[in-house]
Amino acid sequence: MLRVVCLHLQIEMGRLITLVSLITLSASLAHGKVYADLEQLESAKESYDFVVVGGGIGGGTVASRLSENPRFNVLLIEAGPNDEGITEIIVPGLFNNISTSTKYAWGYVTTPQIGLNNRSLPYSQARVLGGSSSHNGMVYTRGSTDDFDLWGKVSEDRSWSWKTLFPYFLRNEKLVPPPGGRNASGQYDPRFHGRRGPMSVSLPWSDPTDFDLLALKNAEQSRDIKFNLDVNSGKPSGVCVTFSLGSIYDWEWRTLQCGKLHVGGQATRVLPSKESRQLDIRTVEIVSVASGKTTTVTAKKELILSGGAFGTPHLLLNSGIGNKKELEEVKVKPIHHLPDVGKGLSDHLSFSISWSANDVVQPVDNVAAFEQWQVNRTGPLTQGPARQLMFARIPSDAALFKDHRDPAAGPNSPHLEIILVPTGPIALAYIGLLTPKSRGSIKIASNNPLDKPLIDVGYLTHPFDLLAVKEAVRMAKRWFEGAAYADYITGYLGPDPDALPEKEFYDAVRELVGTFWHPVGTATISPKGSKHGVLDPDLKVKGVKGLRVVDGSAIVSVLRAAFRGKCCPELTHLDSLS
């Protein structure tokens, strides 16, 4: 769950200073043009300064930002269909419907997971204009100051830091009243929010429910989890109100001013553009999803990949950019030995546990709720299921830290996310492990670029993660044992690490674990000149001219947040372009 992650980047044709932050793409084009098939694209016979592959959060934002310069002609390529007029995308509360759609998703399934008793997991990734912004639950959390500072340490480039990025967070954001206009004063800290940006952010449409108030009361007495007025302060730990992004169609903040959009064209390879001393890659091969016809497009300045943590390494590997030996094993001709492509996948695993409760929750009348949303954009369909979030650190004296180094980026970074959801006689806690040590990978199975990637999320393959899961369950149990819930909670339904044998508890967890859909780290940044990593700090592919990556694959470690849904970085500010 979301959520996303968005950072900074510096672009300038020699030295580019950029900032990455999460935002979405409006489906409209003010002065641009939409090509619905390759024939239209080819017949236009245009040349492009920049070609952007992937019409999701990162690609849509960078294409829009570049197209604001009238000197640039920009082409944005998206494999999926246009997202205009799709009810499940337009209405935030229907995101579960769209996330399971085969028409608007890639239909990925992971490889059998060793850490999950060899289960394979369906893994929803958007295949539609807008990308994950069209699929996710619209939760807006930035993460901790430590998360961003870690990127600066890893890349040895301090422009990747909370201090550098924070002004851009404010510049991008437009904090608006909740749907319906209720007064939310005192429910957030205005110091951490912008008022004039393109990205609408708000609080839940209704006042706190009785269930919400129980959590606030319990936080007053809890040893582990206190009340946090604003999760977006850079110090997210505590119980807090959920901030949400507005519906994509309510924003329409970004348009392709001088750009072109091609939908229904899947990028299959990137290709050398000309022979030179340094490998120069600015050409992309595209196949029509409808007809199977292929063509190529070459950028005069740069080719920018924004296929996400799965799509970008998949495209690079199919192009011969990756581990030479592994490419030769699947009969792909290597053109650039870059061993870390597809390695280091980091993701938030999740699972739910439950309690019996003295409660009755009236089910939402979906017909009435939809009518309310249509009339005035208010009601329960303005948000996802999470009204409150809890972020928590595992206590420093916990036994697991005797054998394992703390993987959190720093003291401001929580280890756990817990989402509290009342469902009547059952109270649920959805738990996310935010600091996994397990790592996975993206590989290719053949030399056919249309074959789906081999996705190994690697869940629970590091012993720390199992121990952390155990601590998470104990922390959730302690939470609901608080005095505020004495008349509400009637019993814990398990699995219980304090009642079951260790193996039985772990086996039960392995059957419960799924994903929060926040994959990152498959084409990470590293210091300029370093032999490890895939990208230099400016997001250019190491050893390659003309090729850059702007998406979640560049992030060195998954954020301790649901940062714009499925964790996707956006380019939101370009200081100068030559």
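Residues numbered from 1 in each chain as written. Predicted model: local features only at pLDDT ≥ 70, side-chain atom pairs only at ≥ 80, totals over all residues. Heavy atoms only, no water.

Undergrad: Whenever I open this one, the sheet that holds strand β8 (residues 199-202) confuses me. Can you help?
TA: Whether parallel or antiparallel, the strands of a sheet pair through hydrogen bonds between backbone atoms. Here three strands make up an open sheet; going across it, the order is β7-β8-β10 and the pairing mixed. The open sheet is flanked by β7 (173-175) and β10 (244-245), the only strands paired with a single partner. In the packing of helix α6 (residues 162-172) onto the sheet, the strands contacted are β7 and β8, and the crossing angle to β7 comes to about 55°. (Pairing = 2+ DSSP bridges. Helix = DSSP H or I, 4+ residues; strand = E, 2+ residues; numbered from the N terminus. Contact = heavy atoms within 4.5 Å. Axes fitted to C-alpha atoms, helices over the stretch in contact; angles between N-to-C directions.)

Undergrad: What am I meant to see in the layout of surface pockets here?
TA: Rolled over the atoms, a probe sized like a water molecule indicates the empty space that remains. Considering only enclosed or pocket space, the largest pocket measures out at about 860 Å³ in volume. Taken together, 27 residues form the lining of the largest pocket, with V361, V364, P380, R387 and P422 sitting closest to its centre. Within the residue set of the lining of the largest pocket, elements represented by two or more residues are α7 (210-219) and β20 (416-422). Looking at the lining of the largest pocket, its residues break down into 14 nonpolar, nine polar and four charged. Put simply, the second largest pocket is a space of about 700 Å³. Those elements that place two or more of their residues in the lining of the second largest pocket are α2 (57-67), β4 (74-78), β12 (265-274) and α9 (308-318). (1 Å grid on protein atoms, 1.4 Å probe; cavity = no way out; pocket = protein on both sides within 12 Å on 5 of 7 lines; lining within 4 Å. Points joined across faces, edges and corners; volume = space filled by probe spheres on them. Nonpolar A, V, L, I, M, F, W, Y, C, P; charged D, E, K, R; others polar.)

Undergrad: Hey, could you run me through the side chain of D465 in this one?
TA: Within the secondary structure layout, D465 lies in helix α13 (residues 463-480). No salt bridge forms around the buried D465; measuring N to O, its nearest opposite-charge neighbour R439 is 6.4 Å away. Contact partners of D465, with chain neighbours within four places excluded, come to L433, T435, P436, K437, S438 and L460. (Buried < 20%, exposed > 50% of the residue type's maximum accessible area, 1.4 Å probe, protein only. Lys, Arg positive; Asp, Glu negative; His and termini not counted. Salt bridge = Lys/Arg side-chain N within 4 Å of Asp/Glu carboxyl O.)

Undergrad: Just checking my understanding: could you explain the packing of α13 against helix α14 (residues 502-512) for this structure?
TA: One way to put it is that α13 packs onto α14 with a least axis distance of 11 Å and a crossing angle of 90°. Between α13 and α14, the interaxial angle falls into the category roughly perpendicular. Residue-level inspection shows L466, L467, V469, K470 and V473 of α13 in contact with α14, the latter providing E502, F505, Y506, V509 and R510. (Parallel < 35°, antiparallel > 145°, perpendicular 65-115°, else oblique.)

Undergrad: Is there a simple way to think about the environment of H518 in this case?
TA: Looking at the element boundaries, H518 is found in the loop between β25 (514-515) and β26 (544-545). Considering only alpha carbons, one finds H518 and V558, 40 residues apart in sequence, at a separation of 7.3 Å. Of note is the side chain of H518, whose polar atom sits 3.2 Å from the backbone oxygen of F516. (Polar contact = N/O pair within 3.5 Å; in protein donor to acceptor, adjacent residues only side chain to side chain.)

Undergrad: Where do I start with the pattern of salt bridges in this structure?
TA: Oppositely charged side chains may form a pair once their charged atoms are brought near each other. Counted under the stated rule, the structure contains 23 salt bridges. When the shortest N-O distance is used, the salt bridge between E173 and R142 registers 2.6 Å. One end of the pair, E173, is in strand β7; the other, R142, is in the loop between β6 (122-123) and α5 (145-155), with 31 residues separating them in the sequence. Among the salt bridges present, the one from D507 reaches K503, with a minimum N-O distance of 2.8 Å. Taken together, the residues D507 and K503, both in helix α14 and four residues apart, mark about one turn of the helix. Three or more residues joined by partner-sharing salt bridges are found here, namely E471, R474, K477, D496 and D498.

Undergrad: What is the right way to look at the nonpolar core in this model?
TA: The nonpolar side chains of a soluble globular protein tend to be buried, and buried together. One finds V51, V270, V284, L303, L305 and L547 to be the most contacted residues of the largest nonpolar core, which totals 63 residues. Not counting residues within four places of it along the chain, the set of residues in contact with V270 comprises I281, T283, V284, L303, L305, L315, S319, I321 and L547. Residues L121, A215, V469 and V473 belong to the second largest nonpolar core, which totals 53 residues. (Core = buried A, V, L, I, M, F, W, Y, C linked by side-chain atoms within 4.5 Å.)

Undergrad: Is there a simple way to explain the sheet that holds strand β17 (residues 343-345) in this structure?
TA: Strands sit in the order β17-β22-β23 across an open sheet of three strands; the sheet is antiparallel. One side of each edge strand has no neighbouring strand; the edge strands of this open sheet are β17 and β23 (454-456). Looking at each pair of strands side by side, their axes are set apart by 30° on average, direction ignored. As defined by bridge partners, strand β22 (residues 440-443) adjoins β23 across three bridges and the pair is classed as antiparallel. Bridge assignment links I442 to a residue of β23, and that residue is I455. In this fold α9 packs onto β17, β22 and β23, with an angle of close to 45° to the strand it touches most, β22.

Undergrad: Looking at this structure, how should I read the pairing of β22?
TA: Looking along a regular strand, one sees side chains alternate from face to face of the sheet. Sheet topology places β17 next to β22; two bridges connect them, and they run antiparallel. Within the sheet, the bridge partner assigned to L345 lies in β22 and is G440.

Undergrad: Whenever I open this one, the side chain of D49 confuses me. Can you help?
TA: The residue D49 is located in strand β3 (residues 48-53) in this model. For D49, a relative accessible area of 8% corresponds to the buried category. From its side chain, D49 meets the backbone nitrogen of N73 in a polar contact 2.7 Å long. Once you skip the residues sitting within four places of it in the chain, D49 turns out to touch R71, F72, N73, A299, K300, K301 and E302.

Undergrad: How do you make sense of the environment of G292 when you look at a structure like this?
TA: If you trace the backbone, G292 turns up in the loop between β13 (279-288) and β14 (294-305). Measuring from C-alpha to C-alpha, the distance between G292 and G265 comes to 9.3 Å, with 27 residues separating the pair along the chain.

Undergrad: When you look at the environment of I281 in this model, what are you seeing that I'm missing?
TA: Here I281 shows up in strand β13. You can call I281 buried: its relative accessible area is 0%. Measuring from C-alpha to C-alpha, the distance between I281 and L271 comes to 5.7 Å, with 10 residues separating the pair along the chain.

Undergrad: Where do I start with the confidence of the model for the chain in this structure?
TA: Predicted coordinates in regions of low pLDDT should not be interpreted in detail. In the predicted model, the chain carries a mean pLDDT of 86, and the fraction of residues at 70 or more is 88%. This stretch, residues 1-31, has a pLDDT under 50; its non-local contacts, to residues over four places away or in other chains, come to 179 contacts. This stretch, residues 247-254, has a pLDDT under 50; its non-local contacts, to residues over four places away or in other chains, come to 34 contacts. (pLDDT = per-residue confidence, 0-100.)

Undergrad: Explain unusual backbone geometry to me, please; I cannot follow it from the model alone.
TA: Negative phi is the rule for most residues except glycine; trans is the rule for most peptide bonds. In the segment running from G494 into P495, the intervening peptide bond is cis, with an omega of 0°. Structurally, the position occupied by P495 is in the loop between β24 (489-492) and α14. Even without being glycine, R377 reaches a positive phi, approximately 60°. Backbone geometry at L539 places phi at a positive 75°, although glycine is not the residue there. Secondary-structure assignment places L539 in the loop between β25 and β26.

Undergrad: Help me understand the pairing of β3 in this model?
TA: In terms of burial, β3 is a largely internal element, six of the six residues being buried. Taken together, the five bridges between β3 and β14 define a ladder with parallel strand orientation. Paired with V51 across the bridge in β14 is L303. Taken together, the four bridges between β3 and β4 define a ladder with parallel strand orientation. Across the sheet, residue V52 finds its bridge partner in β4, namely L76. Each parallel crossover has a hand, and for β3 linked through α2 to β4 it is right-handed. (Right-handed = clockwise from strand over helix to strand, strands pointing away.)

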